[in-house]
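Listed below are the residues making up each chain.
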Number of protein chains: 2
Amino acid sequence: MRTIAIIGMGLIGASLGMALRSADEEQAVLGPTVIVGYDRDPSATARARGRLAIDRQARTLAEALHEADLVVVAVPPLAARELFSQMAPLLPHGAVVTDTISTKVEVLAWAHELLPRTVDFVGGHPMAGKEQSGAEAADRDLLRGAVYCLTPDAQPAALQLVEAMVRQAGAKPYYLDALEHDSFVAGVSHLPFLLSAALVEVTSNSSSWREMSPLAATGFHDLTRLASGDPAMHRDICLTNADALIRWVDATSEWLATLREQLSTRDAEALGAMFEHARQEREQWLLARPNQRPGEGEFVNPTGVQPERRNIFSFGGGRRKK
Amino acid sequence: MRTIAIIGMGLIGASLGMALRSADEEQAVLGPTVIVGYDRDPSATARARGRLAIDRQARTLAEALHEADLVVVAVPPLAARELFSQMAPLLPHGAVVTDTISTKVEVLAWAHELLPRTVDFVGGHPMAGKEQSGAEAADRDLLRGAVYCLTPDAQPAALQLVEAMVRQAGAKPYYLDALEHDSFVAGVSHLPFLLSAALVEVTSNSSSWREMSPLAATGFHDLTRLASGDPAMHRDICLTNADALIRWVDATSEWLATLREQLSTRDAEALGAMFEHARQEREQWLLARPNQRPGEGEFVNPTGVQPERRNIFSFGGGRRKK
């Protein structure tokens, strides 16, 4: 019997527990497991138990960890550092620790600095979420078919265990190093949040907002969806991934400056070409995307991968063949 | 029997026809009508007929207009000017002309300049759409519950007729003047498109896009939805509403500059407060919104309305009481 401890009973922690517990026979690659949940807010742990996200509630961090083979840290970015310090003396020898945090460079540095050498750490980040937060918003299908980033810098046995957990949750392992991860997710995940917040802020701060807001329809609704996300989590993401985000903010500001010039000169050709290009790029992304999320556990093979990382992809056997 | 001519069998023209034809008894305030459709592309008219959006296909503009009581111009912004010139000699005395175009100041100026004094013009703009275009994407429920902007500068009988059409289509008349309209929709409708295109452009133009794109998930999907919209229509919107858009682009650039400063100084407090504010403003908008789109034809009463426009709101009797 394997024990998995999930620390943090928020949206992701509880959704992961639900997915692992409800995996069908073919998916249940971890074998018999018991899932222990812990949150520093006992009511969150109780809610997760009520939603069948965990088998057992731990009242203390020590109780959660003392028999754990695999520990999943599912807390907001800035909470991880202190949590690692608290966990360090409590972790069993040989345990594997992973996390679900949206940024990886700082989290890996904290793990390296604070966790004992007797455990292995594998950075993780499932590319899934929704604007609601907390165990009450958890969904056993949230991770199904989602790309799940893992950092490859760990012992093979540790990678194998975390990867098995990812597969059992119905998600797809995608290895990439922490620096790349942070730069990429800044573009495709954090920048979308910032632009969503920007739209809410610039419109709602306008003196005309009260008269204007009834005109806002489905487009405004969809573009602002991410702005309803947890402010503290997004603040922490900004603080732990600031440099990558600044580069994307600068690229966006440059694009807006070009757009402004085209608007002020009424440059029909340039505007039309730019919007046509944007439409084509999105269509291509949409076409490629279903291949990456068929839900049948295919390994996602990034293009442009460096040769020295190929051995990671073939680790574990059969992953690329299916 | 009233004849309504819809000129332009794209998404909006065909959806409007479908909505008018499928209105139930209570909604059918126009009485018996025949809906004639025309598009300069005859195959578009045929597709609209196939989708039951119109009662009759007109082969020429003259055929479409010669018995029309109400003419709805549902073409891209820049096509309207030439179309008005072509329509001018063909319009029956006393006909009412309206449009569905996303910008109003220039369209009203063209109507004033080009249409004969023997017809009345009411500017219109339904706040509804989707990323697909053409009659094949038309949906009889697209306009249902949507706010439908009308410019109040016309004869009461003309306003009454256009307003009846809006109600029969299941949408909600919302009067505001053309200049306000263009400024407001630039913020809540056109700016969202531009930010959506910006996100696609800055990410897909990155040298890392091929490795990064598989990480893009539901957030990226939703934020880029509008970027799949018709490039020619959005180019025309930019060209007919450039000044209002420049003001919103400038506000966004300023917001991004502030954000950049907060990122570079790791200003946790300011970032957290800003994201909290954005979340609250969106929640308030979401809470207010259902009142405005219950689908039962309530009149939308904008706040901050100027006293001299109140008589417009009470025009027609019973609209505010329901």
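Just so we're clear, the structure is a prediction, and the values are computed from it rather than from any experiment.

Q: An account of the overall build of chain A is requested, with residue identities and associated values reported.
A: When you go through chain A residue by residue, the secondary structure sums to 13 helices and nine strands. Within the span of chain A, comprising 322 residues, buried residues form 52% of the whole. Partitioning the contacts of chain A with sequence separation of at least 6, the portion at a separation of at least 24 is 77%.

Q: Break down helix H1 (residues 11-21) of chain A for me, with residues and values.
A: All names here are of chain A. Judged by how many residues are buried, H1 sits mostly within the fold: 10 of 11 residues are covered. Along H1, the residues classified as buried are Leu11, Ile12, Gly13, Ala14, Ser15, Leu16, Gly17, Met18, Ala19 and Leu20. Contact partners of the buried residues in H1: strand E1 (2-7), strand E2 (33-38), helix H2 (42-50), strand E4 (70-73), strand E7 (124-126) and helix H6 (156-168).

Q: An account of the pairing of E1(A) is needed here, citing residue identities and associated values.
A: Residue and element names in this part refer to chain A. Extensive coverage of E1 is indicated by the burial of five of its six residues. In this sheet, E4 lies alongside E1 in parallel orientation, the contact comprising four bridges. Its bridge partner lying in E4, Ile6 is registered against Val72.

Q: Requested: an account of the relation of the copies chain B and chain A, with residues and values cited.
A: For the match of chain B to chain A, the screw axis carries a shift of 0.0 Å, the RMSD comes to 0.0 Å, and the turn is 180 degrees. The superposition operator between the copies reduces to a two-fold rotation axis. For chain B, the smallest separation between a C-alpha atom and the rotation axis is recorded for Leu223(B), amounting to 2.5 Å.

Q: Residues and numbers for the nonpolar core, please.
A: Judged by nonpolar contacts, the single largest core of 211 residues is most densely connected at Ala5(A), Ile7(A), Val71(A), Ala5(B), Ile7(B) and Val71(B). For Ala5(A), the residues in contact, after removing those within four places along its chain, are Val36(A), Tyr38(A), Ala64(A), Leu65(A), Ala68(A) and Val71(A).

Q: Would you mind going over the interface of chain B and chain A in detail, with residue names and values included?
A: Opposite the 85 residues of chain B that make contact, chain A presents 85 residues. Mapped onto the side of chain B that touches chain A, the elements with two or more residues apiece are strand E8 (147-150), helix H7 (178-204), helix H8 (209-212), helix H9 (218-223), helix H10 (231-240), helix H11 (242-264) and helix H12 (268-292) of chain B. Considering each element in turn, the side of chain B that touches chain A owes the most residues, 20 residues, to H7(B).

Q: How would you sum up the environment of Asp24(A)? Please name residues and give values.
A: Within the secondary structure, Asp24(A) is located in the loop between H1 and E2. Between the C-alpha atoms of Asp24(A) and Ala171(A), which are 147 residues apart in sequence, the distance is 14 Å.

Q: Summarise the domain arrangement of chain A; cite the residues concerned and give the values.
A: Residues and elements named next belong to chain A. Looking at the assigned domains, one finds that chain A contains domain 1 (2-176) and domain 2 (181-265). Distance from the C-alpha centre of domain 1 to the C-alpha centre of domain 2: 30 Å. Listed by partner, the interface residues are 14 residues for domain 1 and 16 residues for domain 2. When residues of the side of domain 1 that touches domain 2 are traced back to their parent elements, those giving at least two are helix H4 (77-87) and helix H5 (105-114).

Q: If you had to explain the environment of Asn241(B) to someone new, which residues and values would you point to?
A: Residues and elements named next belong to chain B. On the secondary structure map, Asn241 appears in the loop between H10 and H11. For Asn241, a count of 25 C-beta atoms within 10 Å translates into the label buried. C-alpha of Asn241 to C-alpha of Val105: the two residues are 136 residues apart in sequence and 8.2 Å apart in space. Ignoring sequence-local partners within four residues, the contact set of Asn241 consists of Thr103, Asp182, Ala186 and His190.

Q: Which residues make up helix H7 (residues 178-204) of chain A, and what values do they have?
A: Residue and element names in this part refer to chain A. With 27 residues, H7 extends 36 Å from end C-alpha to end C-alpha; this agrees with the ideal 39 Å at 1.5 Å per step. Helix geometry: H7 is bent most strongly at Ala186, by close to 50 degrees. Among the 27 residues of H7, 25 are classified as buried, and the element is accordingly described as predominantly covered.

Cut-offs used in this document
What you see as residue numbers is a count from 1 along each chain, following the sequence as written. Going through the entries in the order they are written, you letter the chains from A and number the ligands from 1. The predicted nature of this model means local features are confined to residues of pLDDT at least 70 and side-chain atom pairs, given and counted, to a pLDDT of 80 or more, with totals for whole chains, interfaces and linings taken over all residues. Only DSSP runs of H or I reaching four residues or more are called helices, and only runs of E reaching two or more are called strands; each is numbered from the N terminus. Any residue surrounded by 20 or more other C-beta atoms within 10 Å of its C-beta is treated as buried, while 12 or fewer makes it exposed and the intermediate range makes it partly exposed; C-beta atoms here are placed from the backbone. It is the C-beta atoms, placed from the backbone, that decide contacts: two residues are in contact if theirs lie within 7 Å. For two strands to be treated as a pair, DSSP must find at least two bridges joining them. Our superposition of the copies is a least-squares fit, built on the C-alpha atoms of residues whose pLDDT is at least 70 in both. Buried Ala, Val, Leu, Ile, Met, Phe, Trp, Tyr and Cys residues whose C-beta atoms connect them within 7 Å together make up a nonpolar core. Domain delimitation follows an automatic or database domain assignment. In a helix, the anticipated span is given by 1.5 Å times the number of residues less one. Here the bend at a residue means the angle between the axes of two seven-residue stretches, the one that ends at it and the one that starts at it.

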